[in-house]
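# Coordinate analysis (summary)
Take a look at the letters that make up each chain.
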Amino acid sequence: MRSFPILLAISFGLPLNLYPLSDFPKDFLGIVVFSIFSLAIIWKYAPKIYSSTGVFAILLLCLSFLLTAFQGEESLAGPYFQAYLIFFFAILLILVAVPTLIENTNREMVSLILIKGIFYSGVIVSFVALLRYYGILKLFLPWVALDGDRLAGPWGQANLTALILALSVLTAIYYLQTISGFRKVGVYLLVILFLFCAVLTGSRSWYLFLIVGFLVPAFYYVKAGYSNLSKRPQISSYLKKYVTILLIFAFVKIVAPTVDDSIGQRMKELGLLERASAGAMLAARANLASPERFSEWQKSLQNLEYMDSLAFGHGLGRYGNFSFSVEAEKNPVASSNNLWSHPHNLLILALIEWGLVGLLALIFVLVYIAYHFVKSEYSLTNTLMFSIAGIVLAQNMVEFSFWYFPFLAIFVFCVSTFLPRIHLGVKDRWLPRLVCGLFFIVFLPTGLRSAIDYYSLVSIFNSSEMNSNEAHSLELIKLSPLIGHAAYKVDIVKSRPSFASAEREFSEISGLMDLRPEPVFVMRHAVLSSVVLDEDSSCDLLRVTAREFPFTLDTALDDLGYLAEAGADIDVTFFSFCLLQGMAERESD
């Protein structure tokens, strides 16, 4: 338990976002860290085992997911259902471990474990992010690229980096409230570091974070005026620290571009950096509105008839399929060059993927959490736990951090500290320890197999040429319910389409597209259709591919030529015209 904050910080700070499945390491490490933490607590305190009432909320959501999954075979067999299942068991452990630890120690100590973990994470993330942003990290880790003009952080995603930094700034208030002297100066210096990095992310969500972080203590301040005036001095002290941080943020936002220009210019002279300045990046992102995002939300809500079932949704993980289907049939040009795999709004995603049943279940859970917030009384840890949970939830109304397990786990950890707790009625020590052993026996080989497959997948993708052994390994990895879809992506990138097995590959990719029509799948599917389907149908698919994902045009042309040379009876000139027609439609819009 003492090592948990450090392990959490390390899991946030490791820059392991490797193609073709950049999200896997962060989810894998997050599940490992939180599961070991939870199992250790259950093992140690058995049989005094408690649970949060949040378990019933999770079971309610799980029931709605099952109803959604049973609507189609692909949802049950696909990677998203498997991922939901793993997330469910890992979250279940947290909902048992945190209340158990609270009942056997105290809530202040348990909250402090998470506060330390987030604060340490901010420190590590800040340093790794700056090394990456200024081109130094790539000297030591060749796979780390410079990701555009924004500070992307260890995970290569600026908005997620902004979120963990926001939470780190919030946890700093705990130390500002409980320490004094030079140590408080050190905390303020770290806050400045967090805010400097946050500004460089260019995340517009930060303004939302600041509002939520203020509303929670403000609510307690107003409530204390009616119920407990003695609490107001403590709340006022908290608010003063928060206002101080707001003023520091305003100052850092002004000076950050100048500081970046000074450092960045030196790095450019050394040949380490090629990007626009922070000032130019921030100016480009000065508009707080996000037209593409609003357009996607509007498109989703106006085309609900494209859902498989309004009651039970379009299927787990199938928002991308829904979005692309609407885009291909009703919109001349996609709102971006990439697939919208999430709508960047939790409620809209719940409606589309889980249907009205899932949406209502989610709203019930959120109302239940809000009810306990309104009932709660002020304490420093209460304020921080509600603020952290509120910021993560608010971020999921404009982003998608719940699909990265560490952030989902942080949210559930916070919620578990203030929801009512119930004793599970276990009388013997051996029963919970048996459950821990079964979890270990089941998930250890699954985790090891997934990690080995992921390592093989990354190695194959980064090899100069794929040999026969690697091709065989790739075929085996395709059978994995968790990362099999990524193996297909590597196969498409590393090899040409096969004329001899065109029908089989076409059928396999059709199944993948039904779940998530990523550009690489859409392109190969359209190319293979030239062999499998009639010319008119294939022409339509190629035209839509070029229109929606124009960056696949050259590869599609090369693959069509390759199939013709391999003996396929296809008219390359005709299909080339179909691709160019799709490009013309895009340009004319």
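Notes on the structure in this doc start here. Note that this is a predicted model, so its numbers are computed, not measured. (Residues numbered from 1 in each chain as written. Predicted model: local features only at pLDDT ≥ 70, side-chain atom pairs only at ≥ 80, totals over all residues. Heavy atoms only, no water.)

## Regarding helix 19 (residues 468-477)
An α-helical segment advances 3.6 residues per turn. Residues three or four places apart therefore align on the same side. Turning to helix 19, its buried residues are Glu470, Leu474 and Ile477. Taken end-on, helix 19 shows its buried residues confined to a sector of 60°, consistent with a single buried face. Set apart from the buried face of helix 19 by more than 90 degrees, the exposed residues are Ser468, Asn469 and His472. In this fold, the buried residues of helix 19 make contact with helix 18 (430-462) and helix 20 (484-494). (Buried < 20%, exposed > 50% of the residue type's maximum accessible area, 1.4 Å probe, protein only. Helix = DSSP H or I, 4+ residues; strand = E, 2+ residues; numbered from the N terminus. Arc of directions from axis to C-beta. Contact = heavy atoms within 4.5 Å.)

## Here we look at the state of the cysteines
Per the stated rule, a full pass over the model turns up one disulfide. The disulfide partner of Cys539 is Cys578, and the S-S distance across this bridge is 2.0 Å. Disulfide Cys539-Cys578: torsion about the S-S bond near -110°, hence left-handed. Taken as a pair, Cys539 in helix 23 (residues 535-548) and Cys578 in helix 25 (residues 572-588) lie far apart in primary sequence, 39 residues in all. Since its relative accessible area comes to 9%, Cys539 is described here as buried. (Disulfide = S-S within 2.5 Å.)

## Let's talk about the packing of aromatic side chains
All chains considered together, the criterion is met by 40 aromatic pairs. Geometrically, the ring pair formed by Phe4 and Phe413 is stacked, given 6.5 Å between the ring centres and 15° between the ring planes. Separated by 409 residues along the polypeptide, Phe4 in helix 1 (residues 4-13) and Phe413 in helix 17 (residues 405-418) bring together distant segments of the chain. What makes Phe4 buried here is its relative accessible area of 2%. In this structure an aromatic cluster arises from ring pairing among Phe4, Phe34, Phe37, Phe87, Phe405 and Phe413. The side chain of Arg232 reaches across the aromatic face of Tyr221, ending 4.1 Å from its centre. Above the plane of the ring of Tyr133 lies Arg275, whose end atom (NZ or CZ) is 3.6 Å from the centre. (Phe/Tyr/Trp six-rings, centres within 6.5 Å; stacked < 30°, edge-to-face > 60°. Lys NZ or Arg CZ within 6 Å of the ring centre and 35° of its normal.)

## Regarding the packing of helix 2 (residues 24-45) against helix 18
As a packed pair, helix 2 and helix 18 sit with axes 11 Å apart at the nearest point and diverge in direction by 165°. By the angle between their axes, helix 2 is roughly antiparallel relative to helix 18. At the point where helix 2 passes helix 18, the crossing takes the left-handed sense. Here Phe24, Pro25, Phe28, Leu39, Ile42, Trp43 and Lys44 of helix 2 lie close against helix 18, whose contacting residues are Pro432, Arg433, Cys436, Phe439, Gly447, Ser450, Ala451 and Tyr454. (Axes fitted to C-alpha atoms, helices over the stretch in contact; angles between N-to-C directions. Parallel < 35°, antiparallel > 145°, perpendicular 65-115°, else oblique. Left-handed = near helix turned anticlockwise from the far one by under 90°.)

## Thoughts on unusual backbone geometry
The linkage connecting Tyr19 with the following residue, Pro20, adopts the cis geometry, with an omega of 15°. By the secondary structure assignment, Pro20 is in the loop between helix 1 and helix 2. For the bond from Ala46 to Pro47, the omega torsion is 5°, close enough to zero to count as cis. In this fold, Pro47 is placed in the loop between helix 2 and strand 1 (50-52).

## Quick word on a negative patch on the surface
A surface patch of like charges, here negative, comprises Asp534, Glu535, Asp536, Asp569 and Asp571. Residue Asp569 is classed as exposed on the basis of its relative accessible area, which comes to 80%. (Patch = residues over 30% accessible without salt bridge, like charges linked within 9 Å, V, L, I, M, F, W, Y side chains within 5 Å. Areas by Shrake-Rupley, 256 points an atom, 1.4 Å probe, with all protein chains shown as cover. Salt bridge = Lys/Arg side-chain N within 4 Å of Asp/Glu carboxyl O. Lys, Arg positive; Asp, Glu negative; His and termini not counted. Charge placed at Lys NZ, Arg CZ, Asp CG, Glu CD.)

## Section: the pattern of salt bridges
In total, this model carries 19 salt bridges according to the counting rule given. Note that Lys478 is salt-bridged to Glu475, the shortest N-O span being 3.0 Å. Classification of Lys478 as buried rests on a relative accessible area of 12%. Linking Arg543 and Asp540 is a salt bridge whose minimum nitrogen-to-oxygen distance equals 3.2 Å. Here Arg543 pairs with Asp540, and both are found in helix 23, just three residues apart, close to one helical turn. Taking the relative accessible area as the measure of exposure, Arg543 reaches 17% and is therefore buried. We classify Asp540 as partly exposed; its relative accessible area is 40%. Connected through salt bridges with shared partners, the residues Asp540, Arg543, Arg547, Glu548 and Glu585 form a single ionic network.

## Considering the environment of Lys489
Looking at the secondary structure, you find Lys489 in helix 20. Classification of Lys489 as buried rests on a relative accessible area of 9%. Sequence separation of Lys489 and Leu21 is 468 residues, and the distance between their C-alpha atoms is 9.5 Å. When sequence neighbours within four positions are dropped, the list of residues in contact with Lys489 reads Tyr19, Pro20, Glu518, Val520 and Phe521.

## Some thoughts on the environment of Lys299
Mapping Lys299 onto the fold places it in helix 13 (residues 291-302). Here Lys299 falls in the buried class, since its relative accessible area comes to 8%. Sequence separation between Lys299 and Val326 is 27 residues, and the spatial gap between their C-alpha atoms is 8.0 Å. For Lys299, the residues in contact, after removing those within four places along its chain, are Ser323, Val326 and Glu327.

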